[in-house]
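What follows is the residue order along each chain.
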Amino acid sequence: MAVWDDVVGQDRLTAQLAAAARDADALVTAEHGGERSRPGEQPAPQTSADRSSASQMTHAWLFTGPPGSGRSTAARAFAAALQCVSPDRALGGAPGCGFCDGCHTSLVGTHADVEIVRTDLLSIGVKETRDLVRRSSLSPAGGRWQVIVLEDADRLTEGAGNVLLKAVEEPAPRTVWLLCAPSVEDVLPTIRSRCRHLSLRTPPVAAVADVLVRRDGIEPEAAARAARATQGHIGRARRLATDERARARRAAVLKLPLRTDDIGGCLKAAQELIDAAGEDAKQVAEDVDTKETEELRAALGAAAGTGGRMPRGTAGAMKELQDKQKRRSTRTQRDSLDLALVDLTGFYRDVLALQMGASVPLANDEVRDSIHRIASSSTPERTLRRIEAVIACREALDRNVAPLLAVEAMAVALRAG
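Described below are features of the structure shown in this document. One numbering rule holds for all chains: residues counted from 1, following each sequence as written. Reporting in this predicted model follows two pLDDT cut-offs: at least 70 for local features of residues, and 80 or more for side-chain atom pairs to be given and counted; totals over whole chains, interfaces and linings ignore these cut-offs and use all residues. To get the side-chain values, take all heavy atoms of the structure and skip hydrogens and water.

The next subject is the overall build of the chain. Within the chain one finds 16 helices and five strands. Each radius of gyration reported is based on C-alpha atoms, and the globular scaling rule is 2.2 Å times the count of residues to the power 0.38. The globule rule puts the C-alpha radius of gyration for 417 residues at 22 Å, and the 24 Å found for the chain is close to it. Across the 417 residues in the chain, those meeting the buried criterion constitute 46%. Sequence-distant contacts in the chain: of pairs separated by 6 or more residues, those separated by 24 or more amount to 72%. Only the protein chains shown count as cover for residues, with accessible areas throughout obtained via the Shrake-Rupley method and a probe of 1.4 Å. Accessible surface for the chain amounts to roughly 20,300 Å². Of this, 53% is attributable to carbon and sulfur atoms. In DSSP terms, a helix is any run of H or I states spanning at least four residues, a strand is any run of E spanning at least two, and both are numbered starting from the N terminus. The cut-offs for exposure are 20% and 50% of the maximum accessible area for each residue type, with area from a 1.4 Å probe on protein chains only; residues under the lower value are buried, those over the upper are exposed, and the others partly exposed. Should any heavy atoms of two residues lie within 4.5 Å, those residues are counted as being in contact.

This is the structure in structure tokens:
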């Protein structure tokens, strides 16, 4: 299975990346006098003329696209193709076989020359970015490419973006930056102007359902239902098809439009939405925080049976971990709440489709009766105002408005229409 097989519904993009990977492979071959690079072999310095000769290859790439389009999946696949060491390439095979050690370790995140950076915090700061820049200046251990995949480039602070800019402007000879963000506007203009931009589209529902069946072994009917409900969002579709709790939370969200008949119902529904997001954050904390804390305690030398006492001088490290866990909990709660708002937007999209007589399949076919009820009791104008209220709530959360206040305001606006 080639590395591109998991990049769903992006045929044009994968063709561009495959061409770049071939040019990158030819560049490595040329620098070694016609021989394929071998593990441990250091590359010859790359000149600007070398870069221009590989017309499809460049040192910095920016992958953009809507949530669920597979930005990070495409970046990882490209990283794997750059590290491909399949012997078939000597016979004319394309890089990115998916089976060799270079491809496999790149995809699972254990390759020595592929750094995959993601954050479960609200932002990526200067300290973390400086560490990446130092990493990018190293020669690749395997003799091919040093690849940095930054999955959340949109979360770089302004200071972190300025630190990254210097590395992107003057890259090391064999370093490749792969940045992922929802849109070009989410990245500093000075950085995006130095990257080759690739735009991904929302994958077709049928393609998402197919990959769920093929790769995850999900029943075709359940895969089709999950893909349709998430409108082509690969990650959400997989979670919805495999996680019973996710399905239960989504079902609760889709009942909200029927619970806004009075102010009391609006406020109660808003509180329940916030509580559900908080429960998500609590579950993540239970899964991760305890393990992290125990590992740090052991690393700092806290002996068992000491009544929980820590060695002197370690309080700062524990406080730093607690602050990180608190920030992660905040992001988890916001992400869960945003996901609920996306589902709510999809509900009103279905309502509007019925009101306008559009010949498109309903994303939320399992609540068809509720959709018909809302559609028949309101007008397209009111539905559009309700969609705008949900969007306004998402924007308010982005501006750090208190979540409960933002959701309560939205619920009251949904009632008013």
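In this analysis a 1.4 Å probe is tested at points of a 1 Å grid over the protein atoms alone, and where it fits but cannot get out there is a cavity; an open set with protein on both sides within 12 Å along at least five of seven lines is a pocket; lining residues have an atom within 4 Å of a point. Grid points are joined across faces, edges and corners, and a volume is the space filled by probe spheres set on the points. Of the pockets and cavities examined, the second largest pocket occupies roughly 580 Å³. Taken together, 19 residues line the second largest pocket, and the ones lying closest to its centre are Leu-121, Glu-128, Glu-320, Lys-324 and Arg-327. Broken down by secondary-structure element, the contributors of at least two residues to the lining of the second largest pocket are α5 (126-136), α12 (263-300) and α13 (315-356). By the convention adopted, Pro, Cys, Tyr, Trp, Phe, Met, Ile, Leu, Val and Ala count as nonpolar, Lys, Arg, Asp and Glu as charged, and the other residues, Gly among them, as polar. Counted by class, the lining of the second largest pocket contains seven nonpolar, three polar and nine charged residues.

Here we take up the side chain of Asp-343. Its place among the elements puts Asp-343 in helix α13. Sequence-distant contacts of Asp-343, that is, excluding residues within four places in its chain, are made with Arg-236, Arg-250, Val-253 and Leu-254.

Every case where a carboxyl oxygen of Asp or Glu lies within 4 Å of a side-chain nitrogen of Lys or Arg is listed as a salt bridge. Under the definition given, this model contains 23 salt bridges. The salt bridge partner of Arg-215 is Asp-6, with a shortest N-O separation of 2.9 Å. Taken together, the residues Arg-215 in helix α8 (residues 205-216) and Asp-6 in the segment before α1 (11-31) connect sequence positions 209 residues apart. The partly exposed category is assigned to Arg-215, whose relative accessible area is 32%. Across the pair Asp-343 and Arg-250 runs a salt bridge, and its minimum N-O distance is 3.7 Å. With Asp-343 in helix α13 and Arg-250 in helix α11 (residues 244-253), this residue pair connects regions lying 93 residues apart in the sequence.

For Glu-115, the location among the structural elements is in strand β2 (residues 114-117). As a C-alpha pair, Glu-115 and Ala-79 span 36 residues in sequence and 9.6 Å in three-dimensional space. Aside from chain neighbours lying at most four places away, what touches Glu-115 is Leu-132, Arg-135, Val-147, Ile-148 and Val-149. Side chain to side chain, Glu-115 and Arg-135 meet in a polar contact 2.6 Å long. By the criterion applied in these results, polar contacts are pairs of N or O atoms within 3.5 Å in which, for protein atoms, one can donate a hydrogen and the other can accept it, and in which residues neighboring in sequence qualify only through two side-chain atoms.

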